[in-house]
Amino acid sequence: MRRAKLSTSFIELMATLSDSDFECESGDDSDAWKPKTSQNVGESDFSDSDEDCDKSIHNGNVPIIIPNQIEVPIMSVPEHAIGDSPVQNVVEVNIAITRDRFLILRTCLHYVDINNRPTDNNSKLWKIQPIVDQVHNTCRSISRSVGCYSIDEQMIPFTGRCPNRQYVKNKPRPTGLKNFVITTSKGKVLDFEIYQGAETPFQDKTLGLGPAVVIHLSQTIPEGSVLFFDRYFTTVSLMDRLISKKIMATGTIMSNRLKNIHFNQDKKFERGAWEEFTRGDNKITAVKWKDSKCVTLLSTITGAEPHVTVKRWSKTESKEIEVPCPAIVKSYNQYMDGVDVCDQQIECYRTWVKTKKWTLKVALHFIDLSIVNAWMEYREDAEKMRLPKKEILDLMNFKMSVAQEWLSTTVKKRSLPEESSSSDTEEVPQKLYRPQNYRAPVPPTTKVKDGFEHWPEMMVGFTDHNSK
């Protein structure tokens, strides 16, 4: 029978799930702002404007589905990009499960009993709650230190019918589920919350949706850390709330959210010019700077000075020129890209499945996210151990190693229901045959060198096709 080459993004998360997590289907001008070089203004001037399922899923086939589902995005990589990489050894995938059985099991895969919805669970994500909770708790358990963190939106691509589907303009994947994420400046996910409309579990919504996201995701951030976010979230009242929590922040802001601050018109700005205003208590600074366009930023930790110079392309002069850049813009550009880095790594080997089930799409997304997170932690540990760069696995080889490690583990035998045995009839053992051109799978290097003596296992009951 034809064996399938199956996919690789289903692993890391599923490795942490138990069988119980899976079920089968049966202003006033007198208060105007003044430039920083002039008299400061009062604190009040910083304000905001207004089918039947195979029961064997429970008995060992889920661990086979997971690594197989992860192989597809990597096997689609051109051969010249793989070269002599060990990822070519995918014998385990070819002999693990047949294609048709894999597709049937994946179609019937559920994470809760969908026929018995809990009466106390009003979440729109209840069908995939075990996976979301598992990844969420694992991300929140990652150690945090005082540093820089970024908050932004992340899209879970899905264009079919879904109660939480959103459309976010200018995103590479504009249609899907919206996921609010906080990451380190290097892209490691520490917490997230999927947007569910009014049912989204935000504790404090008094300041609006954007500030509610920041307050919710910053609960586990240590005091003295710095948050970076874009204009979707930034308000002056949010900055005051973060100051009370001893957390600093920097973000772009819409000009209509700043009252009594009178910046010059955009057309009066030359490239590299900026204006800076500060509040009377010197806790918040607003800076407007022009590059190709004007941008306004608000910060509780950084101002315009000391400024630096950056290289930009000039269309009029047809060459690169040096443009003055405020310090607030430099720090924002340096630490704001954490969520974008995570999205970029996920997109490299994202598990693409053509399906109408949003639950499968969300599950695959969080498995991809888990593997990327695990790879980032692996790299951090490798750097601390001072391993040579050539010995540190890239993301593709890391995902393949995870898949091969999972496939090389022993799959539990399916337990058959006990039946009353009769003395006059005995079951004749059935002969089992190996697949044609069978090759024993090669274990990964991590298992070969783990210090344990792995003795060969006797394959009882198998008959070789070539035997006489």
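*Asks:* Would you mind showing me how to read the overall build of the protein here?
*Replies:* Helix and strand counts for the protein stand at 13 helices and 15 strands. Looking at the protein residue by residue over its 468 residues, the buried ones come to 45%. Carbon together with sulfur atoms contributes 49% to the accessible area of the protein, which is approximately 26,600 Å² in total.

*Asks:* What is the right way to read the layout of surface pockets from this model?
*Replies:* It is a probe the size of a water molecule, rolled over the atoms, that shows where empty space is left. If you add up the space inside the second largest pocket, you get close to 620 Å³. Asp-230, Arg-231, Tyr-232, Thr-252 and Met-254 are, among the 20 residues lining the second largest pocket, the residues nearest its centre. Counting only elements with at least two residues in the lining of the second largest pocket, the list comes to β3 (148-157) and β11 (294-299). A per-element tally of the lining of the second largest pocket places β11 first, with three residues.

*Asks:* Would you mind showing me how to read the pattern of salt bridges here?
*Replies:* Side chains that differ in charge, positive against negative, can pair when their charged atoms come close. By the definition in use, this model includes 14 salt bridges. Among the salt bridges present, the one from Glu-380 reaches Lys-188, with a minimum N-O distance of 3.1 Å. Taken as a pair, Glu-380 in helix α11 (residues 358-384) and Lys-188 in the loop between β5 (175-184) and β6 (189-194) lie far apart in primary sequence, 192 residues in all. We classify Glu-380 as partly exposed; its relative accessible area is 29%. Lys-288 is the salt-bridge partner of Asp-266, the closest N and O atoms lying 2.5 Å from each other. Of this pair, Asp-266 sits in the loop between β8 (248-252) and β9 (274-278) while Lys-288 sits in strand β10 (residues 285-290); the two residues are 22 residues apart in sequence, bridging distant segments of the chain. Relative accessible area serves as the criterion here: at 43%, Asp-266 is assigned to the partly exposed category. Residue Lys-288 is classed as buried on the basis of its relative accessible area of 9%. Where salt bridges share partners, they join Arg-173, Glu-347 and Arg-350 into one cluster.

*Asks:* Is there a simple way to explain empty space enclosed by the protein in this structure?
*Replies:* Estimated volume of the largest cavity: approximately 50 Å³. Around the largest cavity, the lining residues are Ile-156, Pro-157, Arg-350, Thr-351, Trp-352, Lys-361, Leu-364, His-365 and Asp-368. Elements represented by at least two residues in the lining of the largest cavity include exactly β3 and α11. Looking at the lining of the largest cavity element by element, the count peaks at four residues for α11. The residue makeup of the lining of the largest cavity, split by class, is four nonpolar, two polar and three charged.

*Asks:* What's the story with the pairing of β6 in this structure? I'm lost.
*Replies:* Side-chain direction in a regular strand flips from residue to residue, so the side chains alternate between the two faces of the sheet. Counted residue by residue, β6 has six buried out of six residues, so it is predominantly covered. Where β5 folds back on β6, the antiparallel hairpin that results is connected by four residues, among which Gly-187 adopts a positive phi of roughly 110 degrees.

*Asks:* Even after reading the chapter, I still don't get the packing of aromatic side chains, so can you show me in this structure?
*Replies:* Aromatic rings considered in pairs are described by the distance between their centres and by the relative angle of their planes. Following the criterion strictly, the structure yields 10 aromatic pairs and no others. Ring centres 4.9 Å apart and planes at 90 degrees place the aromatic pair Phe-263 and Phe-277 in the edge-to-face group. Here Phe-277 lies in strand β9 and Phe-263 lies in the loop between β8 and β9, a separation of 14 residues in the sequence. As far as burial versus exposure is concerned, Phe-263 and Phe-277 are alike and both buried. One aromatic cluster is present, built from ring pairs that chain together Phe-180, Tyr-195, Phe-202, Phe-229, Tyr-232 and Phe-233. The ring of Trp-352 carries Arg-350 above its face, with NZ or CZ at 5.6 Å from the centroid. The ring of Trp-375 has Arg-379 sitting right over it, with the charged end atom 4.4 Å from the ring centre.

What counts and how
Residues numbered from 1 in each chain as written. Predicted model: local features only at pLDDT ≥ 70, side-chain atom pairs only at ≥ 80, totals over all residues. Heavy atoms only, no water. Helix = DSSP H or I, 4+ residues; strand = E, 2+ residues; numbered from the N terminus. Buried < 20%, exposed > 50% of the residue type's maximum accessible area, 1.4 Å probe, protein only. Areas by Shrake-Rupley, 256 points an atom, 1.4 Å probe, with all protein chains shown as cover. 1 Å grid on protein atoms, 1.4 Å probe; cavity = no way out; pocket = protein on both sides within 12 Å on 5 of 7 lines; lining within 4 Å. Points joined across faces, edges and corners; volume = space filled by probe spheres on them. Salt bridge = Lys/Arg side-chain N within 4 Å of Asp/Glu carboxyl O. Nonpolar A, V, L, I, M, F, W, Y, C, P; charged D, E, K, R; others polar. Pairing = 2+ DSSP bridges. Phe/Tyr/Trp six-rings, centres within 6.5 Å; stacked < 30°, edge-to-face > 60°. Lys NZ or Arg CZ within 6 Å of the ring centre and 35° of its normal.

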